[in-house]
Amino acid sequence: MTDISLPAGGAAAPAGASSATTASDVMIAARLDRLPMTGYQKMIFAIIATAWFFDSIDLGSLTFLLGSIKTEFNLSTAQAGFLSSMSFLGMFLGAAISGMAADRIGRKLVFQISMIFWGAGSLWCYFAPDPTTLGYARLLLGFGMGMEFPVALAIVSEFVPTAKRGRYLAILEGFWPIGFIAAGLLSWLFLTHFTWREMFLCQAIPALFLFVVRFLVPESPRWLADRGRLDEAEKVMSHIERKVAERLPAGASLGEPKPVAALARGQRRFSFMELWAGEYASRTVMIWLVWFFALLGFYGLTTWLGALLQAQGFTNTKSTEYVVLIALAGIPGFITAAWLVDAWGRKGTCALMLIGSAVAAFAYGNAPSFTMLIVFGLVMQFFLFGMWSTLYAYTPELYPTRARATGAGCASAVGRIGSLIGPSVIGVVLPTLGSAGVFALGAGSFVVAAVAVLTLGVETRGKSLEEISG
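Worth saying up front: this structure is predicted, and the values here are computed from it rather than measured.

Our next topic: the overall build of the chain. The secondary structure content of the chain amounts to 19 helices and zero strands. Going through the 470 residues of the chain one by one, you find that 58% of them count as buried. Looking at the chain alone, contacts between residues at least 24 apart form 85% of all its contacts between residues at least 6 apart. Looking at the chain as shown, the accessible area adds up to about 17100 Å², and 67% of this sits on carbon and sulfur atoms.

Quick look at the structure:
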């Protein structure tokens, strides 16, 4: 890694790039980072977070509906686990493709396309006449959700100023436990008065939200400048500055941009190859290990929470109520993580949440009473959703703009392999090892992820994206 010092009034030109282009890249970043956080950026964040919320309802609903689907189609435990895994197979494909697409054709367009896929997938679930068709529908739904995640992370990380970036990325992931709780409440409502099919029909409607994204969310000026589309970057950047200035107190100004030294880079590579160039290689190994084992443990456990409670004699409705209750602890979990990532750092917070998840998961699997089961479940969800928030804040910061969505997408895709394997493994292991063995397996996965981040992770707190990755 080589730092390029900045001469007065501009940025130096690293090898392989023109001085004008490099100055534009750096100046666009500096102009974004010097903006105060106003209602305009918060509006963009709220739009992305709302779409994220709808996605989390779609994905989380299967936790609550799996028992009813299993009963209607008379599925074995292994078959139910395979059906659950179809969503994650779709997410793997969507995340792998969308990251590279977003780095090539833009964040905004890919984000809108993702919403079409998950809306169509939800609608198809409603009409599915058999478990095979339902599996294909969940595959399509998962594809759309997988597309959205890395693009959303890239958009938020590139719009929010450095001082608030970690917090807002962590809060974005906080919409996952809120969506999970909403999925539980909606599932309870629909299972009480309708069926699981009507639940999927309801989930297809929010795909129309793509029109809000189309008209109110601009393309990332960082991405435009990095692609050499300097006129468009200037136009979008000026629009953002104007919107922010309109929301400042009377007499306040935006202040002068303060460019920072960007990391040197050579000839532009295919975005996937950027992940393995220089110091990015160790970052890629680290974040792939973390995503794989964290998601293997998380989805292996949470997808089966409702079914495990039903296996202990609770009804569908009662088990849904307990899972929602346990999920409530995710709210203080992501709030704590959102504070810690900026106050303490990404690396330490990520390791803390993973280790806490491991201890709580093991305790949950060996709870001596129903009361302790709920207590350990609450603690487990606190750390699990704190883990999610930190992971989503950390991942997009590890890569440069030219490969940011690809980096986040590939890490997410590797994680989806873990989430694909997890529910299926649990479906096979549960009859042999029981609940205690299942949660011990999940705890071990979290420990491996914690070791990876502690040994290979880098700290990114308080640094601009260009300082971290160029």
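Structure's up, so let's keep going.
The topology assignment puts Ser-122 in helix α4 (residues 107-127). Here Ser-122 is in contact with Asp-58, Leu-141, Phe-200, Leu-201, Gln-203 and Ala-204, once residues within four sequence places are set aside.

Glancing now at helix α3 (residues 77-105). Along its 29 residues, α3 runs 42 Å from first to last C-alpha, staying within 8% of the 42 Å computed at 1.5 Å per residue. Backbone geometry just downstream of α3 places Gly-106 in the positive-phi region, at approximately 120°.

A word on the nonpolar core. It is characteristic of soluble globular proteins that their nonpolar side chains tend to be buried jointly. Membership of the largest hydrophobic core comes to 128 residues, with the highest contact counts inside it found for Ile-69, Leu-354 and Trp-388. Ranked by residues supplied to this core, first place goes to helix α2 (residues 39-73) with 16 residues. What Trp-388 contacts, discounting residues up to four positions off in sequence, is Glu-173, Trp-176, Trp-291, Leu-295, Phe-298, Tyr-299 and Arg-416.

A cluster of nonpolar residues, Leu-123, Trp-124, Phe-127, Tyr-136 and Leu-201, forms a patch on the protein surface that exposes about 500 Å² of accessible area. Residue placement: Tyr-136 occurs in helix α5 (residues 131-159). Looking at Tyr-136, the relative accessible area reads 48%, which means it is partly exposed.

Below, the discussion takes up the packing of aromatic side chains. Scanning the entire structure with this criterion turns up 22 aromatic pairs. Geometrically, the ring pair formed by Phe-298 and Phe-385 is edge-to-face, given 5.9 Å between the ring centres and 75° between the ring planes. On the criterion of sequence distance, the pair formed by Phe-298 in helix α12 (residues 280-302) and Phe-385 in helix α17 (residues 370-394) is long-range, its members being 87 residues apart. For Phe-298, a relative accessible area of 1% gives the class buried. A relative accessible area of 1% means that Phe-385 is categorised as buried. Every member of this aromatic cluster is reached through a ring pair, and the members are Trp-52, Phe-149, Trp-291, Phe-298, Phe-385, Trp-388 and Tyr-392. Directly above the aromatic system of Phe-215 lies the positively charged group of Arg-214, at a separation of 6.0 Å from the ring centroid.

Before going further, it helps to examine the pattern of salt bridges. This structure, assessed with the given rule, holds 16 salt bridges. For Arg-31, the salt bridge goes to Glu-241, with nearest N and O atoms at 2.9 Å. Taken together, the residues span a long stretch of sequence, with Arg-31 in helix α1 (residues 19-33) and Glu-241 in helix α10 (residues 230-246) at a distance of 210 residues. One exposure class covers both Arg-31 and Glu-241, and it is buried. The partner of Glu-274 in a salt bridge is Arg-402, and the shortest N-O contact between them spans 2.8 Å. Taken together, the positions of Glu-274 in helix α11 (residues 271-274) and Arg-402 in the loop between α17 and α18 (404-456) put the pair 128 residues apart, joining distant regions of the chain.

Within an α-helix, residues lying three or four positions from one another point in the same direction, as the helix has 3.6 residues per turn. Its 23 residues give α12 an end-to-end C-alpha distance of 32 Å, which sits within 8% of 33 Å, the value for a rise of 1.5 Å per residue. Of all 23 residues in α12, 17 are buried, a share of seventy percent or more.

Attention now goes to the packing of α2 against helix α6 (residues 162-193). In the contact formed by α2 and α6, the axes pass within 6 Å of each other and the chain directions differ by 40°. What the angle tells us is that α2 and α6 run oblique. The hand of the α2/α6 crossing is right-handed. Here the residues of the contact of α2 with α6 sort into 20 nonpolar, eight polar and two charged.

In the predicted model, the chain carries a mean pLDDT of 82, and 87% of its residues have values of at least 70. Mean pLDDT across the secondary structure elements of the chain bottoms out at helix α13 (residues 305-311), with 64, and peaks at helix α16 (residues 346-365), with 93. Here residues 1-23 is a poorly scored stretch, pLDDT under 50, and it has 32 contacts once near neighbours within four places are set aside; other chains count.

Tracing the backbone through its elements, the reader meets Leu-172 in helix α6. Owing to a relative accessible area of 0%, Leu-172 belongs among the buried residues under this scheme. Each C-alpha atom, one on Leu-172 and one on Leu-153, is 8.5 Å from the other, the two residues being 19 residues apart in sequence. Ignoring anything within four residues of it in the chain, the contact list for Leu-172 reads Phe-45, Ile-48, Ala-49, Trp-52, Ala-152, Leu-153 and Val-156.

Relative to the assigned elements, Ile-69 resides in helix α2. Each residue touching Ile-69, except ones within four places of it in the same chain, is listed here: Leu-62, Leu-75, Leu-83, Leu-134, Trp-196 and Phe-200.

Following both chains from N to C, one finds α6 and helix α7 (residues 196-204) inclined at 135°, their axes separated by 8 Å at the closest point. Comparing the axis directions of α6 and α7 gives the class oblique. Judged by the sense of rotation from one axis to the other, the crossing of α6 with α7 is right-handed. Facing α6, whose interface residues are Ala-183, Leu-186, Ser-187, Phe-190 and Leu-191, α7 presents Trp-196, Glu-198, Met-199 and Cys-202. Considered class by class, the residues forming the contact of α6 with α7 number seven nonpolar, one polar and one charged.

Criteria and thresholds
Residues numbered from 1 in each chain as written. Predicted model: local features only at pLDDT ≥ 70, side-chain atom pairs only at ≥ 80, totals over all residues. Heavy atoms only, no water. Helix = DSSP H or I, 4+ residues; strand = E, 2+ residues; numbered from the N terminus. Buried < 20%, exposed > 50% of the residue type's maximum accessible area, 1.4 Å probe, protein only. Contact = heavy atoms within 4.5 Å. Areas by Shrake-Rupley, 256 points an atom, 1.4 Å probe, with all protein chains shown as cover. Expected span 1.5 Å × (residues − 1). Core = buried A, V, L, I, M, F, W, Y, C linked by side-chain atoms within 4.5 Å. Patch = residues over 30% accessible without salt bridge, like charges linked within 9 Å, V, L, I, M, F, W, Y side chains within 5 Å. Salt bridge = Lys/Arg side-chain N within 4 Å of Asp/Glu carboxyl O. Phe/Tyr/Trp six-rings, centres within 6.5 Å; stacked < 30°, edge-to-face > 60°. Lys NZ or Arg CZ within 6 Å of the ring centre and 35° of its normal. Axes fitted to C-alpha atoms, helices over the stretch in contact; angles between N-to-C directions. Parallel < 35°, antiparallel > 145°, perpendicular 65-115°, else oblique. Left-handed = near helix turned anticlockwise from the far one by under 90°. Nonpolar A, V, L, I, M, F, W, Y, C, P; charged D, E, K, R; others polar. pLDDT = per-residue confidence, 0-100.

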